[in-house]
Amino acid sequence: MEIGYFTMPSHPPECGLKEGNDWDLQVMRWLDELGYQEAWVGEHHTAPWEPNPTPDLLIAQALMQTKRLRIGPGGFLLPYHHPAELANRVAMLDHMSEGRLNFGVAASGLPSDWAMFNVDGMSGQNRDMTREALEIILKLWSDPAPFTYKGKFWTVTKPDTMFDFLKPHIKPLQAPHPPIGVAGLSKNSDTLKLAGERGFIPMSLNLNPAYVGSHWDSVEIGAAKTGRKPNRQDWRLVREVFIADTDEEAWKLSTGDMMGRMMHEYFLPLLGHFGFKDYLKHAPDVPDSDVTVEYCAKRNWIVGSPSTVAEKIERIYDEVGGFGVLLVFGFDYKHMPEAWHHSLSLLSNEVMPRLKHLGSAKKAA
């Protein structure tokens, strides 16, 4: 099993945009030093608790300040980008990364973002646009011949050579393209079916393990359509993680600090508005009113001392049937950076050595 990082990025609304960006860069440097495998950066346009409309700007800076860490958007919201422009942008970023880029894509789930870009998310238009945009991007990268793609949402032309030397020429450094990752939330996720169908990296967001287990079913359903054999080592699970020297200290620093505040002020109310609190419950008969910060910390988060956290990770691993990479959900602890660094360090240096036996038993689905 490997470890990585998944950040929305999350910052409190009073945080300045550059201040938040600087914190994210500091964390990336720590991840690189501590031997984390990868980091994913989200894109959002209308969420004050998730203030980053341009993940590639942060990624470009982070790539210059790290040496080994793979970094990528988690993901670009494809309905809001012209596919030809984004194909060139991502290809350029791959060269800047010297091959350390991951390419995460997403359909966008915030109604306020849909409204800003006039996308009808309620009808699933965002998902249709995501599939079409990705198809165009991959075709631009792979098809050597000129073509015109007339889609439902975009018409894109790859022109033939003009005036002897003008032609499309920008392709990714990694062949045929950077690894593509997609994140899924709901049960029977269509996004994760796409991951299985196309051989993309599946990422399950921070939900109760009882729901997350169904996500691999979606990957397998998609894979069966194209005759693929999905590998559980590719599966990423995003979890809230806070580790301290004692269980009591970890509980205080998580529920009683920024993790608890973000969940209380933003994430839980947001899921409540969407009717998604079921995804956080260990049993369907739990009332919505019981799904509090403390409930999530007890049932879903991975919080505690190194020994407690190792036990919790192994329990989740067994419950979902095995996965390859644990992605730590990012939070803003710039007011106590040593506590967040200590947590990241304990995961790498104290917890992971206790879990070396995981990953060898369940290589494939």
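Please refer to the structure placed before this passage.
As the structure is a prediction and not an experimental result, all values here were calculated from the model.

K.L.:
Which parts of the structure should I look at to understand the pairing of strand β2 (residues 38-41)?
P.N.:
Within a regular beta strand, the side chains point alternately toward one face of the sheet and then the other, so they alternate between its two faces. Neither face of β2 is open: one carries E38 and W40, the other A39 and V41, and all of them are buried. Here strand β1 (residues 2-7) runs beside β2; their pairing, made up of four bridges, is parallel. Note that in β2 the partner of Y5 across the bridge is A39. Handedness of the crossover is the feature at issue here: the chain leaves β1, passes through helix α1 (residues 17-34), returns alongside β2, and the resulting connection is right-handed. Judged from the four bridges that link them, β2 and strand β3 (residues 70-73) form a sheet pairing that is parallel. In the strand pairing of β3, V41 is matched with P73. Remark: the β2/helix α2 (residues 55-64)/β3 crossover connection has right-handed handedness.

K.L.:
Help me understand the sheet that holds strand β13 (residues 325-329) in this model?
P.N.:
Within a beta sheet, neighbouring strands are joined by backbone hydrogen bonds and run either parallel or antiparallel to one another. In spatial order, the strands read β3-β2-β1-β13-β10-β9-β8-β5-β4; together these nine strands make up an open sheet with parallel pairing. Among the strands making up the open sheet, the edge pair consists of β3 and β4 (76-77). Contacts from α2 reach β2, β3 and β4, with the element oriented near 170° to β3.

K.L.:
Got a minute to help me understand the packing of α1 against α2 in this structure?
P.N.:
Packed helices, taken two at a time, are described by the angle between their axes plus the distance between the axes. Look at α1 against α2: their axes get within 10 Å of each other, and the N-to-C directions meet at 40°. In terms of their interaxial angle, α1 and α2 are classed as oblique. Like other packed secondary-structure pairs, α1 and α2 cross with a definite hand, here right-handed. Here N21, D24, L25 and M28 of α1 come into contact with α2, specifically with L58, Q61 and A62. When the residues that make up the contact of α1 with α2 are grouped by side-chain class, the tally is four nonpolar, two polar and one charged.

K.L.:
Got a minute to help me understand a nonpolar patch on the surface in this structure?
P.N.:
Taken together, M162, F163, F165 and L166 make up a surface patch of nonpolar side chains, about 490 Å² in accessible area. Relative to the assigned elements, F163 resides in the loop between β7 (155-158) and β8 (180-184). Among the residues examined, F163 registers a relative accessible area of 62% and is labelled exposed.

The rules behind these values
Residues numbered from 1 in each chain as written. Predicted model: local features only at pLDDT ≥ 70, side-chain atom pairs only at ≥ 80, totals over all residues. Heavy atoms only, no water. Buried < 20%, exposed > 50% of the residue type's maximum accessible area, 1.4 Å probe, protein only. Helix = DSSP H or I, 4+ residues; strand = E, 2+ residues; numbered from the N terminus. Pairing = 2+ DSSP bridges. Right-handed = clockwise from strand over helix to strand, strands pointing away. Contact = heavy atoms within 4.5 Å. Axes fitted to C-alpha atoms, helices over the stretch in contact; angles between N-to-C directions. Parallel < 35°, antiparallel > 145°, perpendicular 65-115°, else oblique. Left-handed = near helix turned anticlockwise from the far one by under 90°. Nonpolar A, V, L, I, M, F, W, Y, C, P; charged D, E, K, R; others polar. Patch = residues over 30% accessible without salt bridge, like charges linked within 9 Å, V, L, I, M, F, W, Y side chains within 5 Å. Areas by Shrake-Rupley, 256 points an atom, 1.4 Å probe, with all protein chains shown as cover. Salt bridge = Lys/Arg side-chain N within 4 Å of Asp/Glu carboxyl O.

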